[in-house]
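Observations on the three-dimensional arrangement
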Amino acid sequence: LPSVALTVSLLTQENSVKNINHYTNVRGLPSIEKIVSSVEDTPRPISTQIVGTIPEWIKGNFLRNGPGKFEIGNHKFNHWFDGMALMHQFKISNGQVTYKSRFLSSDSYQTNKEHNRIAISEFGTVTMPDPCKNVFQRFLSRFESHKPTDNANVSFVTYKGDYYVSTETNIMHKVDPDTLETEKVDWSKFIAVNGATAHPHTEPDGMTYNMGNSYTSKGSYYNIIQVPPTKKTEDETLEGATVLCSIPSVDKTKPSYYHSFAMSENYVVFIEQPIKLDLLKIVTGKLRGKSISDSIFWDPKLNTIFHLIHKHSGKVSSIKYLAKPLSTFHQINAFEEDGFLIIDLCASDDGQAITNYNIQNMRKSGEALDEVYNTLSRAFPRRFVLPLNVDRDTPYNQNLITRPNSIATSVRIAKNKVFCTHEDLHGEDLHEYGGLEFPQINYHKFNTHPYRYFYGCGFRHLVGDTLIKMDLHGKRMKVWEHPGQYPSEPVFVPSPNATEEDDGVIMSVVITPDEDKSTFLLVLDAKTFEELGRAVVPVNIPYGFHGTFNHACLFSDLIKP
């Protein structure tokens with residue numbers, strides 16, 4: 001008891017001196033507790049009620065991923081990212097939609113289910129010693145390292161034409177998009193990495209790039225991964241994957257956390273941001289009863305560094321592009337034009353949001369909920385312009401950007417350093433919608449190319465509460481919003497024979513926490529942003545993270561006989 005009291009005292013002192021910033025002054029936010037409530041899966045397809053019209057040309061599976069179970073027995077997960085992965089399938093054909101879902105049969109899920117408690121640690125939840133063991137065994141178990149979770153609840157991704165669910169550890173699960181049956185795949189069986197992001201980039205020919213960390217006796221490394229575009233045999237997975245290059249972390253024991261990266265026609269762009277992982281705290285976490293989320297910290301004394309890696313040679317540019325401290329989870333697009341590399345991303349000026357998304361916070365109400373929201377820095381779309389041709393003749397201390405109407409700057413401050421400031425990709429009106437996150441574009445036609453439109457969620461709450469279409473010509477917005485309805489990441493699906501960038505539809509799963517069993521798949525005309533139709537699902541669905549559309553014929557040409 002004295003040690004508990006001392007711990008509480010120290011935590012109280014720590015919190016009392018911590019400077020808590022308030023970024024907004026919002027009052028009266030409605031409760032969204034049901035958005036993070038556990039549900040049962042729906043393994044057999046069920047019909048949905050169609051309101052309006054679902055275009056008949058849409059044929060395929062809209063796949064979504066996210067947490068669906070937040071308690072195991074009497075044990076509760078702490079963080080939104082911890083919930084057991086629930087895969088969702090909206091099968092669309094001839095204007096009709098069926099829905100089914102399955103919990104991912106991961107080792108984590110099965111072990112937890114077998115023990116009826118949280119037996120595998122997650123991002124924000126550390127497993128406690130098995131109560132069935134004796135005191136000595138429980139004591140020794142604290143010295144064991146965390147077993148990496150295979151609870152792949154972040155996204156659906158593709159490699160060699162196959163679908164996988166992914167998180168950020170070394171384990172993914174290959175998924176049959178029709179049955180949602182899965183097969184475990186371990187990155188470390190193919191390349192020397194300790195994990196990989198849930199946001200790879202894919203070329204038109206199927207060549208895929210990703211990033212993953214490795215931890216060695218010499219320190220931490222950021223690795224650029226390349227996966228071949230096609231399969232040689234039907235049952236292969238990541239065979240042929242290679243590490244294109246390795247970039248050492250500036251601080252060997254405190255590498256940066258990254259959720260994704262950018263890619264242009266010729267470059268992979270890694271953004272080393274001041275969100276840091278304390279590896280010593282992570283490896284001693286179980287001993288201290290602390291989760292990985294307790295080992296992440298924001299260091300605003302550090303600049304952000306943009307690293308450019310040539311995709312074909314693997315060579316890392318000697319020029320480091322610096323910017324003020326920023327936090328970015330998702331990039332919008334990147335492309336090369338007139339000797340510049342343009343990177344568009346969603347970013348905020350504070351990197352502490354990730355640890356604030358614990359389930360307790362998301363289930364708060366009244367003034368306590370308002371306080372959580374107001375202490376989160378909002379993310380906004382920004383553009384950085386990096387000059388590619390910096391050599392010995394490039395002048396110092398002057399803006400190198402010669403693009404017309406660009407207010408971003410890049411100034412050479414040392415032989416191999418260029419300091420960059422951004423241009424806002426929005427008008428003042430976006431502030432009314434709480435910024436923008438979960439950005440998406442017409443990916444298959446415009447990723448790595450100049451583009452005009454992007455789509456995302458406005459964040460006037462802890463989760464998205466509007467859908468936004470941004471037109472970069474004039475930075476004008478179109479908005480879809482309905483009180484009490486919370487849309488998830490918008491996914492663009494091009495219409496057949498599309499001639500313009502926004503010819504197609506936007507799909508989003510909309511959660512309705514105030515109404516029982518009224519979640520729906522929303523389909524908007526991407527051009528007008530008007531609703532075409534919706535498919536109302538007669539079961540409750542928690543708010544998820546990422547998804548994709550599995551067109552019936554999209555990848556059939558990638559599999560060699």
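Residues numbered from 1 in each chain as written. Predicted model: local features only at pLDDT ≥ 70, side-chain atom pairs only at ≥ 80, totals over all residues. Heavy atoms only, no water.

With an unreviewed UniProt entry as reference, the protein is termed Beta-carotene oxygenase 2b, source organism Astatotilapia calliptera. You can read under Sequence similarities (unreviewed entry) in the UniProt record for the protein the words "Belongs to the carotenoid oxygenase family." (UniProt positions renumbered as here; feature names shortened; annotations may be inferred.)

Right, let's talk about the sheet that holds strand β31 (residues 476-480) for a bit. Reading across from one edge, β28-β29-β30-β31 is the order of the four strands in this open sheet, with antiparallel pairing throughout. Only two strands of the sheet have a single neighbouring strand rather than two, namely β28 (436-440) and β31. Ignoring strand direction, the axes of neighbouring strands in this sheet form an average angle of 30 degrees. Taken together, the three bridges between β28 and strand β29 (residues 453-458) define a ladder with antiparallel strand orientation. Note that in β29 the partner of Gln 440 across the bridge is Tyr 455. (Pairing = 2+ DSSP bridges. Helix = DSSP H or I, 4+ residues; strand = E, 2+ residues; numbered from the N terminus. Axes fitted to C-alpha atoms, helices over the stretch in contact; angles between N-to-C directions.)

Right, let's talk about the environment of Lys 100 for a bit. By secondary structure assignment, the location of Lys 100 is in strand β7 (residues 96-103). On the accessibility criterion, Lys 100 (9% relative accessible area) is buried. Taking the C-alpha atoms as reference points, Lys 100 and Phe 90, separated by 10 residues in sequence, lie 6.9 Å from one another. Sequence-distant contacts of Lys 100, defined by excluding residues within four places in its chain, comprise Thr 42, Pro 43, Arg 44, Pro 45, Met 87, His 88, Gln 89, Asp 178, Thr 179 and Leu 180. One polar contact links the side chain of Lys 100 to the main-chain carbonyl oxygen of Asp 178, over a distance of 2.9 Å. (Buried < 20%, exposed > 50% of the residue type's maximum accessible area, 1.4 Å probe, protein only. Contact = heavy atoms within 4.5 Å. Polar contact = N/O pair within 3.5 Å; in protein donor to acceptor, adjacent residues only side chain to side chain.)

Time to look at the pattern of salt bridges. Applying the stated criterion to the full structure yields 25 salt bridges. Asp 186 is the salt-bridge partner of Lys 189, the closest N and O atoms lying 3.6 Å from each other. Judged by its relative accessible area of 14%, Asp 186 is buried. Here Arg 382 makes a salt bridge to Asp 349, at a shortest N to O gap of 3.0 Å. You can see Arg 382 sitting in strand β24 (residues 380-387) and its partner Asp 349 sitting in the loop between β23 (340-348) and α6 (353-356), a full 33 residues away along the chain. (Salt bridge = Lys/Arg side-chain N within 4 Å of Asp/Glu carboxyl O.)

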